[in-house]
Amino acid sequence: MPGKILITSGPTRQYLDPVRYLSNGSSGQMGQRLAQSALDHGFDVVVVSGPVTVRYPKLCQLVSVVSTDEMLNATIDHFDSCCGMIAAAAPCDYAPAVVAEDKIKKDGQRIQIDLLETPDILAKVGQLKRANQWTVGFALETSDVHERAFQKLKKKKCDLIVINGPSAIDSDHNEIEMMDATGFIVSKFAGTKKAVANAILQQVKKRLLGTGRF
């Protein structure tokens, strides 16, 4: 058996007040497809997911979260028992410095909201992973794509990183490149997210599980 892997999926929400929040357009479709593909390749799967409407495979262990802090804590809790992780989630990168206790009322005046960076989940997991564990990250970039992806890969200590663009958000189609730890593009693939997920899992098994390192 290939073992158990953790997949993060979907967006997170950072509330401004009891009803409004910061988030993004991540639908969880990529995580859903990765979870199914991982099951098809023989993995046991834990999915840590933010709020989505997609349904994950019944054979997965699903851990539902809302905020980036909650996703971080759940990921750390479950990663210890996994051989690897695919970080397909799109956690909200910023949170308000102060969350209003009551709904913010419109009064015709400009309001100013101070934002703080949220924890970098993949970077923290990279610091914790053991020599027999691997991580695969996602890099959604709009410029200097390969350089930024490589810097992200090094900073977060990934073994592979999947590069895609904004067109992947809330779409059933994705176009990706996969970069290894040396910065070399090992694979390019375009198609439905189901097909892309299968291509990613094939590369994981070939380049990570097949190396003897893990």
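Below is a short write-up of the structure. Note that the structure is predicted; figures quoted are calculated from it, not measured.

All right, on to the overall build of the protein chain then. Counting its regular elements, the protein chain contains five helices and twelve strands. The proportion of buried residues among the 214 residues of the protein chain is 48%. Taken as a whole, the protein chain presents about 11,300 Å² of accessible surface, with 48% of it coming from carbon and sulfur. Computing the positive centroid from 26 side-chain charges and the negative centroid from 23, the protein chain places the two 5 Å apart.

Once that is clear, we can look at the layout of surface pockets. Counted as a void, the largest pocket has a volume near 970 Å³. Considering the residues around the largest pocket, the lining is formed by 37 residues, among which Ala89, Ala90, Pro91, Asp93 and Lys152 are closest to the centre. Elements with a contribution of two residues or more to the lining of the largest pocket: strand S1 (4-9), helix H1 (29-40), strand S6 (84-87), helix H3 (121-128), strand S9 (134-140) and helix H4 (145-155). Considering each element in turn, the lining of the largest pocket owes the most residues, three residues, to H1. Class assignment for the residues of the lining of the largest pocket results in 16 nonpolar, twelve polar and nine charged.

Reading across from one edge, S5-S4-S1-S6-S9-S10-S11-S12 is the order of the eight strands in this open sheet, with mixed pairing throughout. A strand with exactly one partner marks an edge of an open sheet, and here the two such strands are strand S5 (61-64) and strand S12 (185-192). For this sheet, the mean angle separating the axes of adjacent strands, direction not counted, is 20 degrees. Strand direction decides the pairing type here: S1 and S6, joined by four bridges, are parallel. Residue pairing for S6: Ile5 is matched across the bridge by Gly84. Its contacts with the sheet put H1 on S1, strand S4 (44-49), S6, S9 and strand S11 (173-180), and the angle it makes with S1 is roughly 165 degrees.

For Asp144, which is not glycine, the phi dihedral falls at a positive 45 degrees. Considering the arrangement of structural elements, one finds Asp144 in the loop between S9 and H4. Residue Asp144 is classed as exposed on the basis of its relative accessible area, which comes to 53%. In this model, Lys157 sits at a positive phi of 55 degrees, which is unusual for a non-glycine residue.

Relative to each other, helix H2 (residues 68-79) and H3 sit at 25 degrees, their axes nearing to 10 Å. On the basis of the axis angle, H2 is roughly parallel to H3. The crossing of H2 and H3 is right-handed. Between H2, through Thr68, Met71, Leu72, Thr75, Ile76 and Phe79, and H3, the contact on the second element is made entirely by Ile121, Lys124, Val125 and Leu128. Residue composition of the contact of H2 with H3, grouped by class: seven nonpolar, two polar and one charged.

Moving on, we get to the packing of H1 against helix H5 (residues 193-209). A pair of packed helices can be characterised by two numbers: the angle between their axes and the separation between those axes. Contact geometry for H1 and H5: axes closest at 8 Å, N-to-C directions at 55 degrees. One element, H1, and the other, H5, form an angle in the oblique class. H1 and H5 meet at a crossing whose hand is right-handed. Touching Gln29, Met30, Arg33, Leu34, Ser37 and Ala38 of H1 are Lys193, Lys194, Val196, Ala197, Asn198, Ile200 and Leu201, all from H5. Of the residues in the contact of H1 with H5, the class split is seven nonpolar, three polar and three charged.

Among all positions of H3, only Ile121, Leu122, Ala123, Val125 and Gly126 are buried. In this structure, the buried side of H3 is in contact with H2, S6 and S9. Capping the start of H3, Asp120 holds a side-chain oxygen 3.4 Å from the backbone nitrogen of Leu122, two or three residues further along.

So, how was this worked out
- Residues numbered from 1 in each chain as written.
- Predicted model: local features only at pLDDT ≥ 70, side-chain atom pairs only at ≥ 80, totals over all residues.
- Heavy atoms only, no water.
- Helix = DSSP H or I, 4+ residues; strand = E, 2+ residues; numbered from the N terminus.
- Buried < 20%, exposed > 50% of the residue type's maximum accessible area, 1.4 Å probe, protein only.
- Areas by Shrake-Rupley, 256 points an atom, 1.4 Å probe, with all protein chains shown as cover.
- Lys, Arg positive; Asp, Glu negative; His and termini not counted.
- Charge placed at Lys NZ, Arg CZ, Asp CG, Glu CD.
- 1 Å grid on protein atoms, 1.4 Å probe; cavity = no way out; pocket = protein on both sides within 12 Å on 5 of 7 lines; lining within 4 Å.
- Points joined across faces, edges and corners; volume = space filled by probe spheres on them.
- Nonpolar A, V, L, I, M, F, W, Y, C, P; charged D, E, K, R; others polar.
- Pairing = 2+ DSSP bridges.
- Axes fitted to C-alpha atoms, helices over the stretch in contact; angles between N-to-C directions.
- Contact = heavy atoms within 4.5 Å.
- Parallel < 35°, antiparallel > 145°, perpendicular 65-115°, else oblique.
- Left-handed = near helix turned anticlockwise from the far one by under 90°.
- Polar contact = N/O pair within 3.5 Å; in protein donor to acceptor, adjacent residues only side chain to side chain.

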